[in-house]
Amino acid sequence: MRNFRIISLLSILTALCAAVAAAAGIFYSTDGKPYIYRSIRGRDVEIYGRGLYEHMSAEVAVQGIAHDYVTLFIAVPVLLFSLHLLKSGKLKAVFFHAGVLHFFFLTYLFYTNMGMYNALFLLYVIITSLSFFAFMITLFEIKLDGLREKFKPGLRRKLIGGFLMFLSTSIAFLWLEIIVTPLLDGTIIPASVAHYTSLTVQGLDLSLFLPIGFISGLLLWKNKDLGYLMSAVTLIFLCFLLTALVAKIIAMAITGVNVVPVVFIMPSALTLAVIFSFLFFRKIKPGIAAGAQTEISTQTGA
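Read on for an overview of the structure. Small disclaimer: the values here were computed from a predicted structure and weren't measured.

## A few points about the packing of helix H2 (residues 58-86) against helix H3 (residues 91-114)
In a pair of packed helices, the angle between the axes and the distance between the axes together describe the arrangement. Put simply, H2 and H3 touch, their axes get as near as 10 Å, and they point 150° apart. What the angle tells us is that H2 and H3 run roughly antiparallel. In the packing of H2 onto H3, the handedness of the crossing is left-handed. For the contact of H2 with H3, the class distribution of residues is 19 nonpolar, six polar and one charged.

## A closer look at the pairing of strand S2 (residues 44-47)
Of the two faces of S2, only one is covered, namely that formed by Val45 and Ile47; the face formed by Asp44 and Glu46 stays uncovered. Across four bridges, strand S1 (residues 35-38) lies against S2 in antiparallel orientation. Bridge assignment links tyrosine 37 to a residue of S2, and that residue is valine 45. Hairpin connection between S1 and S2: a loop of five residues separates the two successive antiparallel strands, and glycine 42 in this loop has a positive phi of roughly 80°.

## Description of the packing of H2 against helix H7 (residues 225-254)
In the contact formed by H2 and H7, the axes pass within 8 Å of each other and the chain directions differ by 140°. Judged by the inter-axis angle, H2 sits oblique to H7. Of the two elements, H2 crosses H7, and the hand of that crossing is right-handed. Across the interface between the two elements, Glu59, Val62, Gln63, Ala66, His67, Val70, Ile74, Ala75 and Val78 of H2 pack against Phe240, Thr243, Ala244, Ala247, Lys248, Ala251 and Met252 of H7. Looking at the contact of H2 with H7 residue by residue, the classes come out as 11 nonpolar, three polar and two charged.

## Examining the nonpolar core
Within the largest apolar cluster, 99 residues are counted, with the highest numbers of intra-cluster contacts made by Phe95, Phe103, Phe104, Tyr108 and Phe280. The biggest single contributor to this core is H7, with 18 residues.

## Section: helix H5 (residues 157-185)
In this model, H5 (29 residues) spans 42 Å end to end at C-alpha, consistent with the 42 Å of a helix rising 1.5 Å per residue. The largest bend in H5 is about 30°, located at glutamate 177. For H5, every residue scored as buried is listed here: Ile160, Gly161, Phe163, Leu164, Met165, Leu167, Ser168, Ile171, Ala172, Trp175 and Pro182. Of the surrounding elements, those touching the buried residues of H5 are helix H6 (200-221), H7 and helix H8 (262-281). Within two residues after H5, glycine 186 carries a phi angle of roughly 90°, on the positive side.

## Let's talk about the side chain of threonine 200
Mapped onto the secondary structure, threonine 200 falls in helix H6. On the basis of relative accessible area, threonine 200 is assigned to the buried category, the value being 16%. Apart from residues lying up to four places away in sequence, threonine 200 is in contact with Asn113 and Met114.

## Overview of the packing of aromatic side chains
A complete count under the given rule lists 17 aromatic pairs for this structure. Measuring from ring centre to ring centre gives 6.4 Å for phenylalanine 105 and phenylalanine 209, while their planes differ by 65°; the resulting arrangement is edge-to-face. Note that phenylalanine 105 is positioned in helix H3 and phenylalanine 209 in helix H6, a separation of 104 residues in sequence. Given the relative accessible area of 15%, phenylalanine 105 is considered buried. Measuring from ring centre to ring centre gives 6.5 Å for tyrosine 228 and phenylalanine 280, while their planes differ by 45°; the resulting arrangement is tilted. Of this pair, tyrosine 228 sits in helix H7 while phenylalanine 280 sits in helix H8; the two residues are 52 residues apart in sequence, bridging distant segments of the chain. A relative accessible area of 5% means that tyrosine 228 is categorised as buried. Taking the ring centre of tyrosine 48 as reference, the NZ or CZ of arginine 50 above it sits at 4.1 Å.

Criteria and cut-off values
Residues numbered from 1 in each chain as written. Predicted model: local features only at pLDDT ≥ 70, side-chain atom pairs only at ≥ 80, totals over all residues. Heavy atoms only, no water. Axes fitted to C-alpha atoms, helices over the stretch in contact; angles between N-to-C directions. Helix = DSSP H or I, 4+ residues; strand = E, 2+ residues; numbered from the N terminus. Parallel < 35°, antiparallel > 145°, perpendicular 65-115°, else oblique. Left-handed = near helix turned anticlockwise from the far one by under 90°. Nonpolar A, V, L, I, M, F, W, Y, C, P; charged D, E, K, R; others polar. Buried < 20%, exposed > 50% of the residue type's maximum accessible area, 1.4 Å probe, protein only. Pairing = 2+ DSSP bridges. Contact = heavy atoms within 4.5 Å. Core = buried A, V, L, I, M, F, W, Y, C linked by side-chain atoms within 4.5 Å. Expected span 1.5 Å × (residues − 1). Bend = angle between axes of the 7 residues up to and from the residue. Phe/Tyr/Trp six-rings, centres within 6.5 Å; stacked < 30°, edge-to-face > 60°. Lys NZ or Arg CZ within 6 Å of the ring centre and 35° of its normal.

Read these as spatial facts, not as claims about activity.
What follows is the structure in structure tokens.
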């Protein structure tokens, strides 16, 4: 690989910094306790009151800690392992590594913009930057022209593309229901805003990440080279993101929050993401390097 050294450096730094940030979220503790805070909008919000996320609402803080568990004990080890696989320069390894980096980028972009300010703010900024540039440079290793020719026949691209479009659309409608309902009844501000400045997760999802997921599926459905690239990365990314969401649901359930029906929806979505990732990656031709010419291109002298 042309840029393996810089990708390795950025990925290792991402893993180390994320391990520190996630461990702090899990294990750092203070003597505080939950309390009720009256927000600027006149709503009473239960504040977590302890640890790194002491100034966040109790419900969101618990979800953040659950996400940290997935980051520290699953995503960080997998990122380092995928870096080892990346040495081969094989297309599967490049796709997989990019998908894992995408998870780190989204995670710490959200932490930087949503989390109540704490001592790790600059660390969140650093991880966001490291993971973004590692992600982009990894993508640059992939030769886009003729990418679909690097897949064996029989890929269920319409089924996988349909799944990506359906999941993106479903989550978009879920977020829009949260946003639009208060607009219609005149309350304007959704209850989930709590004492935060805005709905950061919903805003970034609706403007960036859900359209990326939908377009990935659409382009794969239409058999476009770019669709193969975007879908590969999105599928791996979803495996980790949905794992984090399932962990959050479990954490909320433990605290007594009603998690029906998402307790059934998110694990099902995770299962499908894993299955479709397997179906997608098993159709990549063996021995194909990321920047290699396709068989057709080689035969035509291109």
